[in-house]
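Tertiary structure, described
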Amino acid sequence: MKTKYTKLMMARVSGMTLSYFLTEAQVEIDGKPRLRYGAAVETQGGDRAEVTDMYSEKAPAEEFISKLRRCLVTPITLKDVAYDEICSV
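Here's a quick rundown of the structure. (Residues numbered from 1 in each chain as written. Predicted model: local features only at pLDDT ≥ 70, side-chain atom pairs only at ≥ 80, totals over all residues. Heavy atoms only, no water.)

1. Let's talk about the overall build of the chain
In terms of helices and strands, the chain carries two helices and four strands. When its helices and strands are written in sequence order, the chain yields β-β-β-β-α-α. Rg of the C-alpha trace for the chain: 13 Å, near the compact-globule value of 12 Å for 89 residues, within the 12% margin. Projected onto the principal axes, the alpha-carbon positions of the chain cover approximately 45 × 30 × 20 Å. A fraction of 42% describes how many contacts in the chain between residues 6 or more apart in sequence connect residues 24 or more apart. A total of about 5,600 Å² of accessible surface is found on the chain, and carbon and sulfur atoms cover 49% of it. (Helix = DSSP H or I, 4+ residues; strand = E, 2+ residues; numbered from the N terminus. Rg over C-alpha atoms; globule rule 2.2 N^0.38 Å. Contact = heavy atoms within 4.5 Å. Areas by Shrake-Rupley, 256 points an atom, 1.4 Å probe, with all protein chains shown as cover.)

2. A few points about helix H1 (residues 58–70)
Every α-helix carries 3.6 residues per turn, so stepping three or four residues along brings you back to the same face. When the terminal C-alpha atoms of H1 are compared, their 19 Å separation across 13 residues agrees well with the 18 Å that a helix rising 1.5 Å per residue should span. Looking one or two residues past H1, Leu-72 carries a phi angle of roughly 55°, positive in sign. (Expected span 1.5 Å × (residues − 1).)

3. As for the sheet that holds strand E2 (residues 16–29)
With antiparallel pairing, four strands are arranged side by side in an open sheet as E1-E2-E3-E4. Among the strands making up the open sheet, the edge pair consists of strand E1 (4–13) and strand E4 (48–55). Recorded for the sheet is a direction-independent mean angle of 25° between the axes of neighbouring strands. Bridge count between E1 and E2: nine bridges; the pairing is antiparallel. Residue pairing across strands places Lys-7 opposite Phe-21, the latter belonging to E2. Sitting on the sheet, helix H2 (residues 78–87) is in contact with strand E3 (32–43) and E4, with an inclination near 15° to E4. (Pairing = 2+ DSSP bridges. Axes fitted to C-alpha atoms, helices over the stretch in contact; angles between N-to-C directions.)

4. Description of the side chain of Thr-23
Note on placement: Thr-23 falls in strand E2. Accessibility expressed as a relative area gives 1% for Thr-23, which makes it buried. Of the polar contacts made by the side chain of Thr-23, one reaches the backbone nitrogen of Ala-39; its length is 3.5 Å. The contact partners of Thr-23, leaving out residues within four places of it in the chain, are Thr-3, Lys-4, Tyr-5, Arg-36, Tyr-37, Gly-38, Ala-39, Ala-40, Val-51 and Thr-52. (Buried < 20%, exposed > 50% of the residue type's maximum accessible area, 1.4 Å probe, protein only. Polar contact = N/O pair within 3.5 Å; in protein donor to acceptor, adjacent residues only side chain to side chain.)

As structure tokens, then:
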């Protein structure tokens, strides 16, 4: 299954528009297909970063994306923020 992107939020910072996406992909875990969720951030200029396969449930992924929007996370810093999020659990 290809990764599905659903735009959830937008924000403006320093004259730049950021779009925040929920990612959804099917991966095999123990030989069985499972849905996994993550996030992507994109600027109107096309700069993009994504972190997939972070969550097994949709709600925590949506909460993470809300946090990204509140903190105005850009594509450049997304992976660092995701790493911090994973390490805090």
